[in-house]
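A look at the structure
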Amino acid sequence: MTVLYPELNNKRVLITGASSGIGAGIARVLAREGCRLVLHYNRNEAGIEKTLSDVQALGAEAEVLHCDFRELDRVVPFFEAAWQAFNGLDALINNAGIVSKVTSLKDPHGEAFDEVLAVNLQAPYRLATAFAQHCIEAGHGGVVVNNSSIHGQKSCEWFSAYGAAKAGLDRLTEVQAIEWGPHGIRLVGIAPGVVPVERTEVILSQPPVKDRWMKCTPLGRYGTTDEMGEAVAFLISDRAAWMTGSILTVDGGLIARGNYPFRDEMTKS
Ligand SMILES: NC(=O)c1ccc[n+]([C@@H]2O[C@H](COP(=O)([O-])OP(=O)(O)OC[C@H]3O[C@@H](n4cnc5c(N)ncnc54)[C@H](OP(=O)(O)O)[C@@H]3O)[C@@H](O)[C@H]2O)c1
């Protein structure tokens, strides 16, 4: 177990959506770095218990807190409890997120749209703002990492709410970085490519689906949840002390390629 950023030892970090997938990967990596963790979940009790036991096995102190971010009035009280857990926080990882594949014509009143915006954008706004207020009052800086997506940069069918929320999250990262830079609070984002998680690993392992993604991904493989954790650890470390308002794309080269036809297919005949 190699510690990469000794300055992260004992840092107090709230990770939302730590009950599975990328949030659990972030928790494991930050536990390795010696952080004290507030682990958030919504419905997956077994998942959060697993993350808790994984990080404790790595020697980390951790507390678990619940909140459903669709109930936006609960978000700030949830944050207050998270701040109290270790008598303050040094970093906030806005990771929790949901996907809706409901097309606009099937959601004319915007119920699905509103739900995605609540969890993926409005809750992160409230959490980051409460975090900044508390850090300023406490007289110290801090770091917020927003888990965005390549869908914040480019679009595809089905993802109207998801894409709008992630693009909004990227702009929010920039604006709050500008607002709070003078207080020593950095705002950064990661934009993951395709990372199999419990929710998606079956579909992503099916040969036609996997072959298609691999063709589009220059590095020829999916990402891992721990690789997303490594990006977050770097971003909250002092090595990234001059980074703010930036979104780090971590996608195996997927988005760099663009939507051009494949040259080998065009020259086959
Ligand atoms: N995996 C990828 O390929 C990928 C790519 C780009 C970006 N991302 C982003 O990565 C983040 C994590 O996603 P994931 O892929 O790791 O998926 P995941 O395993 O499904 O994790 C989603 C997390 O969000 C929490 N959550 C869901 N609904 C919530 C609600 N109403 N209130 C509060 N929390 C809620 C879940 O908690 P419970 O399960 O406890 O309810 C879970 O911990 C998301 O922001 C996602 O957009 C993922």
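Structure: see above.
Residues numbered from 1 in each chain as written. Predicted model: local features only at pLDDT ≥ 70, side-chain atom pairs only at ≥ 80, totals over all residues. Heavy atoms only, no water.

The next thing to look at is the sheet that holds strand β2 (residues 36-41). Spatially, 7 strands are ordered β3-β2-β1-β4-β5-β6-β7 in an open sheet, and the strand pairing comes out parallel. For this open sheet the edge positions go to β3 (62-66) and β7 (246-250), each flanked by a neighbour on one side alone. With strand direction ignored, the average angle separating the axes of adjacent strands in the sheet is 20°. As defined by bridge partners, β2 adjoins β3 across 5 bridges and the pair is classed as parallel. In the sheet register, His40 faces β3, and the bridge partner there is Leu65. Across the sheet, helix α1 (residues 21-32) touches β1 (12-15), β2, β4 (91-94), β5 (142-147) and β6 (185-192), and the angle it forms with β1 is around 170°. Strands in contact with helix α2 (residues 45-57) are β2 and β3; relative to β2, the strand with the most contacts, it is inclined by about 170°. (Pairing = 2+ DSSP bridges. Helix = DSSP H or I, 4+ residues; strand = E, 2+ residues; numbered from the N terminus. Axes fitted to C-alpha atoms, helices over the stretch in contact; angles between N-to-C directions. Contact = heavy atoms within 4.5 Å.)

Turning our attention to the side chain of His40. Along the chain, the position of His40 falls in strand β2. Among the polar contacts made by the side chain of His40, one reaches the main-chain carbonyl oxygen of Cys67 at a distance of 2.8 Å. (Polar contact = N/O pair within 3.5 Å; in protein donor to acceptor, adjacent residues only side chain to side chain.)

For the coordinates displayed, the defined rule picks out 12 salt bridges. A salt bridge links Arg70 to Glu115; the nearest nitrogen and oxygen atoms lie 4.0 Å apart. Here the residue Arg70 occupies a position in the loop between β3 and α3 (75-85), and Glu115 occupies one in helix α4 (residues 111-138), the gap between them amounting to 45 residues. Here Glu227 ties to Arg221 by a salt bridge, and the two come within 2.6 Å at their closest N and O atoms. Members of the salt-bridge network, linked through shared partners, are Arg32, Glu33 and Glu230. (Salt bridge = Lys/Arg side-chain N within 4 Å of Asp/Glu carboxyl O.)

Around the ligand lies a shell of 31 residues, among which Ser20, Ile22, Arg43, Asn95 and Tyr162 are the nearest. Contacts to the ligand include Ser20, whose side-chain N or O atom sits 2.7 Å from an oxygen atom. Among the secondary structure elements, those contributing two or more residues to the shell around the ligand are α1, β2 and α5 (160-180). Considered class by class, the residues forming the shell around the ligand number 13 nonpolar, 13 polar and 5 charged. (Near = heavy atom within 4 Å. Nonpolar A, V, L, I, M, F, W, Y, C, P; charged D, E, K, R; others polar.)

Let's shift gears to the packing of α1 against helix α8 (residues 225-236). In contact at an axis separation of 7 Å, α1 and α8 are set at 55° when each is read in the N-to-C sense. By the angle between their axes, α1 is oblique relative to α8. Here α1 and α8 pass one another in a crossing that is right-handed. For the pair α1 and α8, the contacting residues are Gly21, Ile22, Gly25, Ile26, Arg28, Val29, Leu30 and Arg32 in the first and Thr225, Asp226, Met228, Gly229, Glu230, Val232, Ala233 and Ile236 in the second. Its residues placed into classes, the contact of α1 with α8 shows 8 nonpolar, 4 polar and 4 charged. (Parallel < 35°, antiparallel > 145°, perpendicular 65-115°, else oblique. Left-handed = near helix turned anticlockwise from the far one by under 90°.)

Here we take up the pairing of β6. Consecutive side chains of a regular strand alternate in pointing toward one face of the sheet and then the other. With 8 of 8 residues buried, β6 is to be regarded as a mostly interior element. Burial along β6 is two-sided: the residues Ile185, Leu187, Gly189 and Ala191 and Arg186, Val188, Ile190 and Pro192 are all buried. Judged from the 6 bridges that link them, β5 and β6 form a sheet pairing that is parallel. Bridged to Asn147 within β6 is Ile190. (Buried < 20%, exposed > 50% of the residue type's maximum accessible area, 1.4 Å probe, protein only.)

Of all 6 residues in β5, 6 are buried; the element is thus mostly enclosed. Burial of β5 is two-sided: the residues Gly142, Val144 and Asn146 facing one way and the residues Val143, Val145 and Asn147 facing the other way are all buried. Summarising the sheet, β4 and β5 pair through 4 bridges and their orientation is parallel. Counterpart to Ile93 in the pairing with β5 is Val145. Between the parallel elements β5 and β6, the chain passes through α5 in a crossover that is right-handed. (Right-handed = clockwise from strand over helix to strand, strands pointing away.)

Once that is clear, we can look at unusual backbone geometry. With a phi angle near 75°, Asn10 is a residue other than glycine that sits in the positive phi range. Structurally, the position occupied by Asn10 is in the segment before β1. With a relative accessible area of 42%, Asn10 lands in the partly exposed category. At Trp158, a residue that is not glycine, the phi angle is positive and equals roughly 85°. Take Trp158: it is sitting in the loop between β5 and α5. By relative accessible area, which is 48% here, Trp158 ends up partly exposed.

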